[in-house]
Amino acid sequence: MSTGASLQLSSADLAAIAGRLEVLERRDVFDPYRPGSRPTPFQQTIIDDFGSIRVQHAIAGNRSGKTQMGARLMAWMLAEDKPGWVRPAKWGPGALQFMMIGRVSKQVEEVLFRKIRAFFKEGELHETRVGNALQKVTHRATGNVLLCASHHNAAEAREKVQAYELHGLWLDEMPNDVRLLEEIDRRLQDRHGFLFTSFTPKVRNLEIRRKVDACVAPMGRQYKMRMFDNPIYSEQDKADILKGLEGMPAGYVQCVLEGDWMVGDESVYEIPDAAWGDCPDYSPQWRHVEWTDPALQSKFGWVVAAEDPKTGHWWIVRDDYITGIFVPSQLVAAVKERGKGMRIVRRVCDPAATWYIGEATTAGLHYMTPYDKASRRPEMMKNLQKALGVTIFFAPWVQSLPNELGEMQWSETADAKVVGSHKYHLHDATIYGADCLPKPEEEREPVPPLHVRLRIQQEKAAARGSRKTERNPALRKFQIVRHRKKGLL
């Protein structure tokens, strides 16, 4: 056979080669809707770290490619064909179980899963649905499963995560509750699974920011992806985007373009790092003060602070909303129950809630109120800002109140008005309580034993009698003097 003949390939061979090239291209492509696309150098850094860095947070601007990164990683895990990746020995043999969680169910299917499905040929994936809702996806060849969930209701999302032991999870968009991230950590811990999050930090959530910022390699790392690093944008696209952002607050622009945490030019409170601490040696026997902002038709704000007897610092140790109770007497009973076991020395309440104060007084709970609440509100808010990190601190287990303070924004259309001020009941309870803090407790000497107290009283009485005699010499002749005989004891 001639050399030329040996190079001839059958149509079957050509089809096989083309198929193989297609497989390799789908394995290597970054965006299947753009054939030949490859990750940028920064995106490649995230890909290279995957596997060695267990927790990866892509903090990114809008349309920076962060969601595409999550889809690329999950597609590789389903097929187990990521270049250079080796299954951890701890995972053992058998099918793997992953989960992706998006903001709402519609987004999970129409955005996240659509990006993943594009990496596979028709028939490679099996979709399981309940009604019309996508529940899970199974890769037929490997048996690996990708579960689907949304975090629009963080409590429901936590319950779903609790039901599984996972090898990996992709969380898209920032949830509104840090406890979801904490539950995810526990679900992944036993199997040393990976976590990849992708979000633009527009929502002000101080707890999540603290958790993300605390990530340190090799356990975790955060990556800041900029919008204009995405190669899909032309120069004209960039100019149009910048024009559309004109007039927006600087913090919002930095968040969208650079992926910076959004603090906001109109934030009501700035919580200093010094306001967070470990609350060492906390005891229910410390002096506690209870602050409430009562409500029947909306949420009831309830905050408790405790005084460290060594430093005089007040630590916020409880912050919660009481909901679903519409009978005043039952509401008072619920507050009483929550305060059991704590040494509460003062209770402070919104002076406008006379219906609650009266009911509480009948039940034995006595409240004081700040004076002139209406005209002094700006002053009380300013005083709270000054106290944060100086005399008032947050215990590490407290979440709701600092998150609420971080979300509050001044109105851009009305002076000295907080947007949605009617919903911040924890904040209102806190400014009332901080305005009515008790004075520092005086140090008291320990009470001496009874025999010591009696001796002290006798000495004082003897001293008083002696001084009385000295003041009136005429009394001396009436003193009884007892003489001892010599030699007698």
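Worth saying up front: this structure is predicted, and the values here are computed from it rather than measured.

Novice: For the overall build of the protein, give the residues involved together with the corresponding values.
Specialist: Scanning the protein for helices and strands turns up 16 helices and 13 strands. Taking all 489 residues of the protein together, the buried fraction comes to 42%. Within the protein, counting contacts between residues at least 6 apart in sequence, those at least 24 apart form 67% of the total. Only carbon and sulfur atoms are counted for the fraction: they give 52% of the accessible area of the protein, which is about 27000 Å².

Novice: Just give me the short version of empty space enclosed by the protein, but keep the residues and values in it.
Specialist: Inspection of every chain in the model, using the stated rule, returns one cavity of 30 Å³ or more. The wall of the largest cavity is formed by T40, F42, Q43, S64, M225, R226, D229 and N230. Of the residues assigned to the lining of the largest cavity, the class counts are two nonpolar, four polar and two charged.

Novice: So what's going on with the packing of aromatic side chains? Which residues, and what values?
Specialist: The geometry of an aromatic ring pair comes down to the distance between the two centres and the angle between the two planes. Inspection of the entire model under this criterion finds ten aromatic pairs. Between W85 and W91 the ring centres are 5.8 Å apart and the planes differ by 50°, which places this aromatic pair in the tilted class. Among the aromatic side chains, those forming a connected cluster through ring pairs are F50, W85, W91, F98 and F194. Note that R72 overlies the ring of W76, its terminal NZ or CZ placed 4.1 Å from the centroid. A cation over a ring is seen here: K82 above W76, with NZ or CZ 5.7 Å from the ring centre.

Reading the values: the criteria
- Residues numbered from 1 in each chain as written.
- Predicted model: local features only at pLDDT ≥ 70, side-chain atom pairs only at ≥ 80, totals over all residues.
- Heavy atoms only, no water.
- Helix = DSSP H or I, 4+ residues; strand = E, 2+ residues; numbered from the N terminus.
- Buried < 20%, exposed > 50% of the residue type's maximum accessible area, 1.4 Å probe, protein only.
- Contact = heavy atoms within 4.5 Å.
- Areas by Shrake-Rupley, 256 points an atom, 1.4 Å probe, with all protein chains shown as cover.
- 1 Å grid on protein atoms, 1.4 Å probe; cavity = no way out; pocket = protein on both sides within 12 Å on 5 of 7 lines; lining within 4 Å.
- Points joined across faces, edges and corners; volume = space filled by probe spheres on them.
- Nonpolar A, V, L, I, M, F, W, Y, C, P; charged D, E, K, R; others polar.
- Phe/Tyr/Trp six-rings, centres within 6.5 Å; stacked < 30°, edge-to-face > 60°.
- Lys NZ or Arg CZ within 6 Å of the ring centre and 35° of its normal.

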